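Structure assessment
Each chain is listed here by its residues.
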Amino acid sequence: MENINKIKGFLENKSDQIPNLVIEKMNKASKNLDFENAAKYRDYHRALSTISQKQKVTTTNGDDMDIIAMSKGVFYVTMQVFFMRDGKIVDREHFIIKDDYREDDEDIMSSFMKQFYLNLMYIPKEILVRTKPSDYDLLKSFIENKKGKKVNIICPKLGNKKELVDMAYKNASDMMKKYEQRLEEKERKKHSGLNGLKEILNLKTINRIEAYDISNTSGVQSVGSMVVFQNGLAERKEYRKFKIKTIKGPDDYHSLEEVLTRRFERAKKEIKNNNTYTGFGKLPDLILMDGGKGQVKSAKKVLKKLKFPIEVAGLVKDDKHTTRAIIYENKEIPIKKRDPVYKLIYEIQEEAHRFAINYHRKLMSQTMKKSELDNIKGIGKKKKENLLKHFKSVKNIKKASLEELIEVDLIGENQALDIIKYFKLNN
C-alpha cells in the first residue's frame, strides 16, 4: 500500500518521491561505474518526466497555446518553447543562443519572439511567457499582424498556466546546465590535448595552430584550405581558402607550396604595414600538414625562403587512411586513438579536409553550371562531368580527336561527332 500511495501521489502531481528515488539509484549506479543500470534509470526518469508533464497538461481547458521560457548561463541563453494543441503538449523546441552582450532578460525575450514568429506558419491565440518581453505593445502588434487575429501574450502569476511556464523554465534550465557541462568537458579535453601536444613536441607555447589541405578531382579545380585553431578551439572567422593558380594537375606538394607562399607573403605585407585585419598578419605557433615528410618539407621550404621560424609537424596515416603518428624534426611520434592529442589532431584534420572539399565542390558546381558543353545536344550533367574530369578543361575538349572523345565514359561515336561539329561551328 505504501508503494501504491507513492504511485497515486505521483500520478496526481502531489509527490516527487518516485522520480527522486530513480535519480538516487541512477547516481548510485553511476558512482559504482555501473553505467548500464545508470542508463536504465536515466531512461526511467525521462519516462516519468513525460508522464508528469502530460498529467499537468490535462488540467488546461483544451486550448492552443505556445509556452516560452528562458534560462541564462554564463555565456549562453537557452530558450524553451512548448507547443500546446487541444490542451496537450504535442511538441517542443529549444534554442541555445550566445549572449555576447549580456542583454537584459526582457530584451532577449523580445528579440527571440520577433525572430521565432517571423516565419512561423501557425500562431496560436495565446502565448504564455515567463519573462515579459520589452517593447511589449510593438511585439504584440507585430505578432497579431502576422496572424491576422488578436493574440494574447500573458505572463501568468498563478494557477495552471503559471505551472506550465515554470515547467518550460525547468526544462530550459536543465538544458542549459547540460550544455554548459558539455562545453566544460569539451574545453577540458581541448586543454588536455593541447598540453599533450606541447609535451610531445617539447614546445612551450601552442596558442594558434594552422592546418592546410588540398582538394581536387584528378587535378581539376585544385583548391587549398587553411583552418585555424586558437587555444584548441576552431576559429572559423580566421579560415581562408585558396584557388590554385600556378599548378596544373594533381600535384599536392607544389599546390601546398603555392598556398603557403601566398599566405606568408600576405603576412609579410601586413606585418610591415602593421595591419592584421585580414588575419594573415597573425602568425601560428605550429603548422600541421596533412601528410608526411614530403608535405613537411614543402612547408619548411616556403617558411625558410620567407624567413618565418615557425614549427611544422606532419600527420602520418596508415593503410586505412587513419592518422597513426606525428612527424616532427624527422622523427615519427606514434599516437593512440584514445589519447586527447589524437582527438584534437583528428578534429583539426577533419576541419581542414571539410573546408577544402566544400570549396572544391562549390567551384566544380559553378563550372558544371556554366559551360559551353550545355549548348551541345545530348550532353547532360553526368556526361559533362565525365568530359571535364577526363580532359581537365573545355579548351582541351575542343582540341580532342574523335578517338579521344570516345574514350570518355558515356560518350559514343555519334555524341563525339556532335561535340566536334559544335566546336567547329562555334569557334
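Residues numbered from 1 in each chain as written. Predicted model: local features only at pLDDT ≥ 70, side-chain atom pairs only at ≥ 80, totals over all residues. Heavy atoms only, no water.

A word on the overall build of the protein
Counting secondary structure elements, the protein contains 13 helices and 13 strands. What you see for the protein is a C-alpha radius of gyration of 30 Å, clearly larger than the 22 Å of a compact globule of 427 residues, by over 25%. Expressed as a percentage of its 427 residues, the buried residues of the protein come to 42%. Here the analysis covers contacts within the protein between residues at least 6 apart in sequence; of these, 55% occur between residues at least 24 apart. A total of about 25,500 Å² of accessible surface is found on the protein, and carbon and sulfur atoms cover 49% of it. One finds the centroid of the 86 positive side-chain charges in the protein at a distance of 3 Å from the centroid of its 62 negative side-chain charges. (Helix = DSSP H or I, 4+ residues; strand = E, 2+ residues; numbered from the N terminus. Rg over C-alpha atoms; globule rule 2.2 N^0.38 Å. Buried < 20%, exposed > 50% of the residue type's maximum accessible area, 1.4 Å probe, protein only. Contact = heavy atoms within 4.5 Å. Areas by Shrake-Rupley, 256 points an atom, 1.4 Å probe, with all protein chains shown as cover. Lys, Arg positive; Asp, Glu negative; His and termini not counted. Charge placed at Lys NZ, Arg CZ, Asp CG, Glu CD.)

So, the confidence of the model for the protein
Taken over all residues, the pLDDT of the protein has a mean of 85, while the share at 70 or more is 92%. Per-residue pLDDT, averaged within each element of the protein, yields its smallest value for helix α3 (residues 35-57) (75) and its largest for strand β4 (residues 126-129) (95). (pLDDT = per-residue confidence, 0-100.)

Structural notes on a negative patch on the surface
A surface patch of like charges, here negative, comprises E403, E404, E407 and E413. Relative to the assigned elements, E407 resides in the loop between α12 (402-406) and α13 (413-425). Judged by its relative accessible area of 57%, E407 falls in the exposed class. (Patch = residues over 30% accessible without salt bridge, like charges linked within 9 Å, V, L, I, M, F, W, Y side chains within 5 Å. Salt bridge = Lys/Arg side-chain N within 4 Å of Asp/Glu carboxyl O.)

Examining empty space enclosed by the protein
One pass over the structure, following the stated rule, counts one cavity of 30 Å³ or more. Space inside the largest cavity adds up to approximately 50 Å³. As for the largest cavity, its lining consists of A211, Y212, D213, L288, M289, D290, L315, I348, Q349, A352 and H353. Elements with a contribution of two residues or more to the lining of the largest cavity: β6 (208-217), β10 (286-289) and α9 (340-369). The element best represented in the lining of the largest cavity is α9, accounting for four residues. Of the residues assigned to the lining of the largest cavity, the class counts are seven nonpolar, two polar and two charged. (1 Å grid on protein atoms, 1.4 Å probe; cavity = no way out; pocket = protein on both sides within 12 Å on 5 of 7 lines; lining within 4 Å. Points joined across faces, edges and corners; volume = space filled by probe spheres on them. Nonpolar A, V, L, I, M, F, W, Y, C, P; charged D, E, K, R; others polar.)

A look at the packing of aromatic side chains
If you walk through the whole model with that rule in mind, you get twelve aromatic pairs. Note on Y422 and F423: the rings are 5.2 Å apart at their centroids and 75° apart in plane angle, and the pair reads as edge-to-face. Assigned by exposure class, Y422 and F423 land together as buried. An aromatic cluster of at least three residues, connected via ring pairs, comprises F83, F95, F112, F116 and Y117. The side chain of K40 reaches across the aromatic face of Y41, ending 5.4 Å from its centre. The residue whose ring lies beneath R263 is F264, and the NZ or CZ to ring-centre distance is 4.4 Å. (Phe/Tyr/Trp six-rings, centres within 6.5 Å; stacked < 30°, edge-to-face > 60°. Lys NZ or Arg CZ within 6 Å of the ring centre and 35° of its normal.)

Section: the environment of S141
Tracing the chain through its elements places S141 in helix α5 (residues 136-147). Overall, the relative accessible area of 33% leaves S141 in the partly exposed class. Along the chain, S141 and L158 lie 17 residues apart, while their C-alpha atoms are 25 Å from each other.

What to know about the nonpolar core
If you look at the biggest cluster of nonpolar residues, it comprises 26 residues, and the most contacted ones within it are Y212, F264, I287 and M289. In terms of residue count, the dominant contributor to this core is helix α7 (residues 252-272) (five residues). Residues contacting Y212, with those up to four places away along its chain left out, are S225, M226, L256, V259, L260, R263, F264, I287, L288, M289 and D290. Membership of the second largest hydrophobic core comes to 24 residues, among which are L286, L315, I335 and I345. (Core = buried A, V, L, I, M, F, W, Y, C linked by side-chain atoms within 4.5 Å.)

Some details on the environment of Y346
Within the secondary structure, Y346 sits in helix α9. Taking the C-alpha atoms as reference, Y346 lies 9.6 Å from L315; in sequence the two are 31 residues apart.

Let's talk about the pairing of strand β11 (residues 311-317)
Taken across its seven residues, β11 has five buried, putting it largely inside the fold. Where β10 lies against β11, four bridges are found, and the strand directions are parallel. Across the sheet, the residue bridging to I287 is V312, located in β11. Note on the crossover from β10 through helix α8 (residues 293-305) to β11: the handedness is right-handed. The pairing of β11 with strand β12 (residues 323-328) spans four bridges and is antiparallel. Residue pairing across strands places K317 opposite T323, the latter belonging to β12. Hairpin geometry of β11 and β12 is characterised by an intervening segment of five residues between the two adjacent antiparallel strands and by a positive phi of about 65° at H321. (Pairing = 2+ DSSP bridges. Right-handed = clockwise from strand over helix to strand, strands pointing away.)

Examining the sheet that holds strand β2 (residues 76-85)
Judged by pairing direction, the sheet is mixed, and its five strands sit side by side in the order β3-β2-β1-β4-β5 without closing on themselves. Two strands bound the open sheet, and with one partner strand each, they are β3 (88-98) and β5 (152-154). Each neighbouring strand pair of the sheet contributes to a mean axis angle of 15°, computed without reference to strand direction. Relative to β5, β4 runs parallel, the two sharing three bridges. What sits directly across from E126, in β5, is N152. Against the sheet, helix α6 (residues 159-201) contacts β1 (65-72), β2, β3 and β4, and its axis sits at roughly 40° relative to β1. (Axes fitted to C-alpha atoms, helices over the stretch in contact; angles between N-to-C directions.)

A look at the packing of helix α1 (residues 2-11) against helix α2 (residues 17-31)
One can describe the packing of α1 onto α2 by two numbers: an axis separation of 8 Å at closest approach and a directional angle of 105°. Judged by the angle between their axes, α1 and α2 are roughly perpendicular. Contacts from K6, I7 and F10 in α1 reach Q17, I18 and P19 in α2. Grouping the constituent residues of the contact of α1 with α2 by class yields four nonpolar, one polar and one charged. (Parallel < 35°, antiparallel > 145°, perpendicular 65-115°, else oblique.)

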